[in-house]
Amino acid sequence: MDGGIVTTEIPQRVDVGIVGGGIIGLAVAHELAERGREVVILDDGARPGNATHASAGMIAPVAEADVELPGLCEFRQWSHQLYPEFVARVEERAGVDCSLRRDGTLLVALDRDHAAELERLRDIMRDQGFEPQPLGVKDVLDMEPGLSARVVGGLLLEQDDHIDQRVFMQALRIAVERGRGRVFDDVVVERVAPDGVVQGHHTRGDGRFELECEQVVVAAGSWSNVGLDSPGAELPLRPVRGQVVRLHAPALLRRVVRTPDVYMVPHAAGELVLGASVEEQGFDAQPTAGAVFDLLRHAWRALPGIYDLPLKEISVGFRPVSRDHLPVIGRLQGRVCVATGHFRNGILLAPGTARLLGQLLCDAVQHALLGHFEPQRFAQPVEKTTNG
Ligand SMILES: Cc1cc2nc3c(=O)[nH]c(=O)nc-3n(C[C@H](O)[C@H](O)[C@H](O)COP(=O)(O)OP(=O)(O)OC[C@H]3O[C@@H](n4cnc5c(N)ncnc54)[C@H](O)[C@@H]3O)c2cc1C
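Just so it is clear, the model here is predicted, and its values are computed rather than measured.

Asks: Help me get a handle on unusual backbone geometry, residues and values and all.
Replies: In this structure, the amide linkage connecting G275 to the following residue, A276, adopts the cis form with an omega of -20°. Following the sequence through the fold, A276 ends up in the loop between β15 (271-275) and α7 (289-302). Residues other than glycine seldom take positive phi values, yet S99 does so here, at roughly 45°. Considering the arrangement of structural elements, one finds S99 in the loop between α3 (72-94) and β4 (105-109).

Below is the structure:
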């Protein structure tokens, strides 16, 4: 053996190679496989800080409407509309019930500051065409009897949904593999070239691989700059750390409840997710006492019954964020596209991202939304040379 590149089980050629098997890579793979493309997902399987794994699974175009950026509100609403049908197709193909929950989000105020914040959010939501329903104390406590007597009011956001994204990920993977897709979760991608050649190594053993792709989609979350081998291809991406606590809490809440300080998401499996911190700590995947303390304290103020619940898990994820806080979706260079930068909304935006890339790669259609998200917006201006 001369140390050259050896392809083991990974094929030598494929229609579309996808770097990253988080929610974005899997959703894009599913869409492309459904449209008849042969896809290969390349993921390293065990990277600390995988955002999808840590996420709370909210599909919340209204509760997330607090940030107004060009194209983002429209993209959230469009992706949200695509969700039921997208999940139904995955469920049918995979034979797995993904339990998309469509019971809305209850936004709750526990004091005067919270009440003022809810008023501010309500104005923004109305500007974006939503009609959150104001609720009195009795309405809130009738809907969620476990909430604290501190409640001073609330808003019902009927459109917001949620899903256990870990179950959804498993279903997506099965659906991809039952279609024209293969998922490798033991490979590290080191280099992606503009001509579609992807190289890397296996995490088990020392084999290397080289995959020739008609098209490549880099969907590696916060790590999407990995090995993008072309001048000017470096994206201004950074990880924004989020910590969440998972408790065993069968039936403590009926729907998602948020205060301005914390959200609480009940998953069908009897799990309550408390989230989330928002921290600029680079790729440090160590959970901290302070963040966990804050989450538990804020959640306990709203829902005192959590005090005696068994602790299940503390997890850390890196939200992929671009410099302008908008997603980065579209053609980067040559045969290489990118889909990242989904920040706090990657679960919500997965079907929309998959649809945008499906149209781009299969129909050569550039949806108008891509004008806001294209990676070329970060390209360095070419320096003018002057004579003399
Ligand atoms: C605490 C927290 C809570 C959140 N809650 C919500 C929510 O309720 N709703 C919502 O819409 N969004 C939420 N988000 C945001 C959402 O989770 C992210 O936007 C989304 O998961 C990003 O998905 P991704 O596929 O781009 O990245 P990731 O899920 O991070 O996946 C990237 C994948 O690429 C792989 N990879 C990276 N580099 C390489 C390489 N060189 N070779 C091989 N594989 C590689 C990684 O191992 C990983 O599997 C939350 C995020 C966090 C952190």
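Asks: Which residues make up helix α8 (residues 346-363), and what are the values?
Replies: Over its 18 residues, α8 extends 24 Å from the first C-alpha to the last, a length consistent with the 26 Å expected when each residue adds 1.5 Å. The sharpest bend along α8 measures roughly 30° and falls at G352. Summarising burial for α8: 13 of the 18 residues are buried, a large majority. The first or second residue beyond α8 is A364, which carries a positive phi of 55°.

Asks: Which residues make up the pairing of strand β10 (residues 197-202), and what values go with them?
Replies: Of the strand pairs in this sheet, strand β9 (residues 187-192) and β10 are connected by five bridges, and their pairing is antiparallel. When the sheet's bridge partners are listed, V187 is paired in β10 with H202. Here β9 folds back onto β10, and the loop between the two strands holds four residues, one of which, G196, carries a positive phi near 90°. In the sheet, β10 pairs with strand β11 (residues 208-218) via five bridges, with the strands oriented antiparallel. Among the inter-strand pairings, V198 is bridged to a residue of β11, identified as L211. Linking β10 back to β11 in an antiparallel pair, the connection comprises five residues, with G205 at a positive phi of about 80°.

Asks: Give me the site of the ligand: which residues, what numbers.
Replies: As a matter of local geometry, the ligand sits amid 41 residues, with G22, G221, G242, G317 and G346 nearest to it. Of all elements in the fold, only α1 (23-34), α2 (51-54), β9, β12 (237-248), β16 (311-322) and α8 reach the threshold of two or more residues within the shell around the ligand. Across the shell around the ligand, the residue classes break down as 20 nonpolar, 16 polar and five charged.

Asks: Help me get a handle on the nonpolar core, residues and values and all.
Replies: Ranked by size, the top nonpolar core spans 113 residues in total, and within it I18 and V28 carry the most contacts. In this structure, this core is formed jointly by two domains, domain 1 (13-68 + 166-236 + 323-377) and domain 2 (103-159 + 238-322), each of which donates at least three residues. Excluding residues that lie within four positions of it along the chain, V28 makes contacts with I18, V217, A219, A339, T353, A354 and L357.

Asks: Can you tell me about the environment of D127, naming the residues and giving the values?
Replies: One can find D127 in helix α4 (residues 112-127). Overall, the presence of 11 C-beta atoms within 10 Å leaves D127 in the exposed class. Between the C-alpha atoms of D127 and L141, which are 14 residues apart in sequence, the distance is 28 Å.

Asks: I'd love a proper account of the domain arrangement of the chain, names of residues and values included.
Replies: Size of an interface: often given as the accessible area lost when the parts come together. Each assigned domain of the chain is listed with its residue range as follows: domain 1 (13-68 + 166-236 + 323-377) and domain 2 (103-159 + 238-322). A C-alpha centroid distance of 29 Å is found between domain 1 and domain 2. Contacts between domain 1 and domain 2 engage 32 residues on the former and 32 residues on the latter. Partitioning the side of domain 1 that touches domain 2 into residue classes produces 15 nonpolar, twelve polar and five charged.

Asks: Describe the sheet that holds β15, and please don't skip the residues or the numbers.
Replies: The eight strands lie next to each other as β5-β6-β4-β13-β14-β15-β12-β16, forming an open sheet whose pairing is mixed. Two strands bound the open sheet, and with one partner strand each, they are β5 (133-135) and β16. Mean inter-strand twist for the sheet, computed between neighbouring axes without regard to direction, equals 25°. Here β4 pairs with strand β6 (residues 153-157) via five bridges, running antiparallel. Paired with L107 across the strands is L155, a residue of β6. In this fold α7 packs onto β4, β12, β13 (256-258), β14 (263-267), β15 and β16, with an angle of close to 50° to the strand it touches most, β12.

Asks: How would you summarise the pairing of strand β18 (residues 336-340) if you had to cite specific residues and measurements?
Replies: Side chains on a regular strand alternate between the two faces of the sheet. Taking burial as the measure, the five residues of β18 include five buried ones, the bulk of the element. Of the two faces of β18, the one lined by V336, V338 and T340 and the one lined by C337 and A339 are each fully buried. Direction of pairing for β11 relative to β18: parallel, over a ladder of three bridges. The partner of V217 across the bridge, within β18, is C337. In terms of strand pairing, strand β17 (residues 328-333) meets β18 through five bridges, oriented antiparallel. Along β18, the bridge assignment pairs Q333 with V336. Here β17 folds back onto β18 in antiparallel fashion, the turn holding two residues, of which G334 has a positive phi close to 55°.

Cut-offs used in this document
- Residues numbered from 1 in each chain as written.
- Predicted model: local features only at pLDDT ≥ 70, side-chain atom pairs only at ≥ 80, totals over all residues.
- Helix = DSSP H or I, 4+ residues; strand = E, 2+ residues; numbered from the N terminus.
- Expected span 1.5 Å × (residues − 1).
- Bend = angle between axes of the 7 residues up to and from the residue.
- Buried ≥ 20, exposed ≤ 12 C-beta atoms within 10 Å, placed from the backbone.
- Pairing = 2+ DSSP bridges.
- Near = placed C-beta within 6 Å.
- Nonpolar A, V, L, I, M, F, W, Y, C, P; charged D, E, K, R; others polar.
- Core = buried A, V, L, I, M, F, W, Y, C linked by C-beta atoms within 7 Å.
- Domains from an automatic or database assignment.
- Contact = placed C-beta atoms within 7 Å.
- Axes fitted to C-alpha atoms, helices over the stretch in contact; angles between N-to-C directions.

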